[in-house]
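The primary structure of each chain is shown beneath.
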Amino acid sequence: MAQKQSQPPVYPDEPKIPILPNLLTAGNLLCGFFSILTIFEGMKLADGSAEAFACYQKATYLIFAACLFDLLDGRVARMCKADGPFGREFDSIADVVSFGIAPAMLLSRAVLFNLPVPYIGFGIAVLYLLCAALRLARFNCMAAEPKKPNQSMDFVGLPVPMAAGAVVSTMYLVIDLTANRGLEIDPFWQIVMAVVMTVVSLLMMSRVIYPSFKHVNFEKRGTIIAMLMATVAIVALIAFPWIAPALIFLCYLGYGLIVRPFLTRRMRHAIEVYDEEDDNEETNA
């Protein structure tokens, strides 16, 4: 009786990897990596020294650059109709590095937490990192589920890049005030900032709804309110680059948590730049 020949092993198909969106995601990852290296350089220097502050300030620039790459990669993927599971997973890995590990290191080492109780800063940094990783895992699970009728495109919980932006822009402001402007942060305000950073961490795992702006593109007609807000933000960034980023990110944080639940649907659509096509998609989905 002839022996049955063994079949060669069968492997899963390779995923399709769109080049341009994933190059932008790689840029996000590299910015996070170099930010971490810069933070390590600062850790070798004396705590509170101008040289250490300079390293931490460079690290904030790199995390801001990672935010820009993260903003572009998803938009480019949707424009190229190349949004798929590989890009989603790669983006999450990059986000853990750029918006999880790097801000957590800044949170624990850079400026804020010279608090009366030792290691509180490290504890808040650990909480932030865990919430960021859990938020990304939850987002991927929700994105992999079949879309429901009338499903919203908005975020459930504070998005990790926006949480990182709030943390890092606050770090940047504190570094600028202490290192470049010679001010001292009162211990009371250090405690306030510790509480705020704890709230930012918990908001990532909350059920608070935040606008995603995925429905916005430059071919659609903007509203007067949205155009005015964008103009004010740009002018503020140019005129007050040390304080405007923190205010912009904190306004987004407060908008979803405090303001948006009390707005009418028409007001939300005006601020978040919905148009009639978006509204029809929501009602007819």
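Scroll up to find the structure.
What counts and how
Residues numbered from 1 in each chain as written. Predicted model: local features only at pLDDT ≥ 70, side-chain atom pairs only at ≥ 80, totals over all residues. Heavy atoms only, no water. Helix = DSSP H or I, 4+ residues; strand = E, 2+ residues; numbered from the N terminus. Buried < 20%, exposed > 50% of the residue type's maximum accessible area, 1.4 Å probe, protein only. Contact = heavy atoms within 4.5 Å. Axes fitted to C-alpha atoms, helices over the stretch in contact; angles between N-to-C directions. Parallel < 35°, antiparallel > 145°, perpendicular 65-115°, else oblique. Left-handed = near helix turned anticlockwise from the far one by under 90°. Nonpolar A, V, L, I, M, F, W, Y, C, P; charged D, E, K, R; others polar. Phe/Tyr/Trp six-rings, centres within 6.5 Å; stacked < 30°, edge-to-face > 60°. Salt bridge = Lys/Arg side-chain N within 4 Å of Asp/Glu carboxyl O. Core = buried A, V, L, I, M, F, W, Y, C linked by side-chain atoms within 4.5 Å. Expected span 1.5 Å × (residues − 1). Patch = residues over 30% accessible without salt bridge, like charges linked within 9 Å, V, L, I, M, F, W, Y side chains within 5 Å. Areas by Shrake-Rupley, 256 points an atom, 1.4 Å probe, with all protein chains shown as cover.

Novice: How should I be thinking about the overall build of the protein chain in this particular structure?
Specialist: Tallying secondary structure elements over the protein chain gives 10 helices and two strands in all. Ordering the α and β elements of the protein chain from the N terminus gives α-α-α-α-β-α-α-β-α-α-α-α. Here the protein chain, with 285 residues, has 40% of them falling under the buried criterion. Within the protein chain, residue pairs in contact and separated by at least 24 positions form 81% of the contacts whose partners lie at least 6 positions apart.

Novice: Please clarify how the packing of helix 4 (residues 120-144) against helix 6 (residues 187-204) should be interpreted in this entry.
Specialist: What describes two packed helices is the angle between their axes and the distance between those same axes. Where helix 4 meets helix 6, the axes come as close as 8 Å, and the angle between the chain directions of the two elements is 20 degrees. Taken as axis vectors, helix 4 and helix 6 run roughly parallel relative to one another. As for how helix 4 packs across helix 6, the hand of that crossing is left-handed. Contacts from Ile-124, Leu-127, Tyr-128, Cys-131, Ala-132, Arg-135 and Arg-138 in helix 4 reach Ala-194, Met-197, Thr-198, Ser-201, Leu-202 and Met-204 in helix 6. Split into classes, the residues belonging to the contact of helix 4 with helix 6 amount to nine nonpolar, two polar and two charged.

Novice: So what exactly am I meant to see when it comes to the packing of aromatic side chains here?
Specialist: The geometry of an aromatic ring pair comes down to the distance between the two centres and the angle between the two planes. Inspection of every chain in the model, using the stated rule, returns six aromatic pairs. Between the aromatic rings of Tyr-61 and Tyr-172, the centroid separation amounts to 5.6 Å while the plane-to-plane angle is 55 degrees, which identifies the pairing as tilted. Here Tyr-61 is found in helix 2 (residues 50-79), whereas its partner Tyr-172 is found in helix 5 (residues 160-180), with 111 residues between them in sequence. Through pairs of rings, three or more aromatic residues link up here, namely Tyr-61, Phe-64 and Tyr-172.

Novice: What am I meant to see in the pattern of salt bridges here?
Specialist: Pairing between side chains of opposite charge can happen when the charged atoms of each approach one another. Following the criterion strictly, the structure yields one salt bridge and no others. The salt bridge partner of Asp-154 is Arg-260, with a shortest N-O separation of 2.9 Å. On the criterion of sequence distance, the pair formed by Asp-154 in the loop between helix 4 and strand 1 (155-156) and Arg-260 in the loop between helix 8 (244-259) and helix 9 (265-271) is long-range, its members being 106 residues apart. Neither Asp-154 nor Arg-260 differs from the other in exposure class; each is buried.

Novice: Just to check I follow, could you spell out the environment of Val-174 for this structure?
Specialist: Among the secondary structure elements, Val-174 is positioned in helix 5. For the pair formed by Val-174 and Glu-184, sequence separation is 10 residues and the distance between their alpha carbons is 9.2 Å.

Novice: Looking at this model, I keep getting lost on the nonpolar core. Mind explaining?
Specialist: Generally speaking, a soluble globular protein has its nonpolar side chains buried in company with each other. By size, the foremost hydrophobic cluster in this structure holds 43 residues, and its most contacted members are Leu-107, Tyr-128, Leu-158, Met-204 and Tyr-210. Those elements that place two or more of their residues in this core are helix 1 (19-43), helix 2, helix 3 (85-109), helix 4, helix 5, helix 6 and helix 8. Residue contributions to this core peak at eight residues, all from helix 5.

Novice: Sorry, what's going on with the side chain of Gln-57 here?
Specialist: Counting through the fold element by element, Gln-57 comes out in helix 2. When sequence neighbours within four positions are dropped, the list of residues in contact with Gln-57 reads Tyr-172, Ile-175, Asp-176 and Asn-180.

Novice: Looking at this structure, how should I read helix 6?
Specialist: Since one α-helical turn is 3.6 residues long, residues separated by three or four positions face the same way. Given a rise of 1.5 Å per residue, 18 residues ought to cover 26 Å, and the 26 Å separating the end C-alpha atoms of helix 6 matches this to within 8%. Contacts from the buried residues of helix 6 go to helix 3, helix 4, helix 5, strand 2 (209-210) and helix 8.

Novice: For this particular structure, what's the right way to read a nonpolar patch on the surface?
Specialist: Taken together, the side chains of Ile-191, Val-195, Val-199, Leu-257, Ile-258 and Val-259 make up a nonpolar region of the molecular surface, amounting to roughly 470 Å² of accessible area. Only helix 6 and helix 8 provide two or more residues apiece to the nonpolar patch. For Val-195, the location among the structural elements is in helix 6. For Val-195, a relative accessible area of 48% translates into the label partly exposed.

Novice: I keep staring at the environment of Val-96 and nothing clicks. Help me out?
Specialist: Among the secondary structure elements, Val-96 is positioned in helix 3. Each C-alpha atom of the pair Val-96 and Gly-32 lies 8.9 Å from the other, and the pair is 64 residues apart in sequence. Sequence-distant contacts of Val-96, defined by excluding residues within four places in its chain, comprise Ile-101 and Leu-136.

Novice: Just to check I follow, could you spell out helix 4 for this structure?
Specialist: Its 25 residues give helix 4 an end-to-end C-alpha distance of 36 Å, which sits within 8% of 36 Å, the value for a rise of 1.5 Å per residue. Of all the positions in helix 4, only Gly-121, Ile-124, Ala-125, Tyr-128, Cys-131, Ala-132, Arg-135, Leu-136, Arg-138 and Asn-140 are classed as buried. For helix 4, the secondary structure elements touched by its buried residues are helix 3, strand 1, helix 5 and helix 6.

Novice: So what exactly am I meant to see when it comes to the packing of helix 3 against helix 5 here?
Specialist: Two numbers describe how helix 3 lies on helix 5: the axes approach to 10 Å, and their chain directions differ by 30 degrees. Between helix 3 and helix 5, the interaxial angle falls into the category roughly parallel. Handedness of the crossing formed by helix 3 with helix 5: left-handed. Touching Asp-95, Phe-99, Pro-103, Leu-106 and Leu-107 of helix 3 are Val-160, Pro-161, Ala-164, Val-167, Val-168 and Met-171, all from helix 5. For the contact of helix 3 with helix 5, the class distribution of residues is 10 nonpolar, no polar and one charged.

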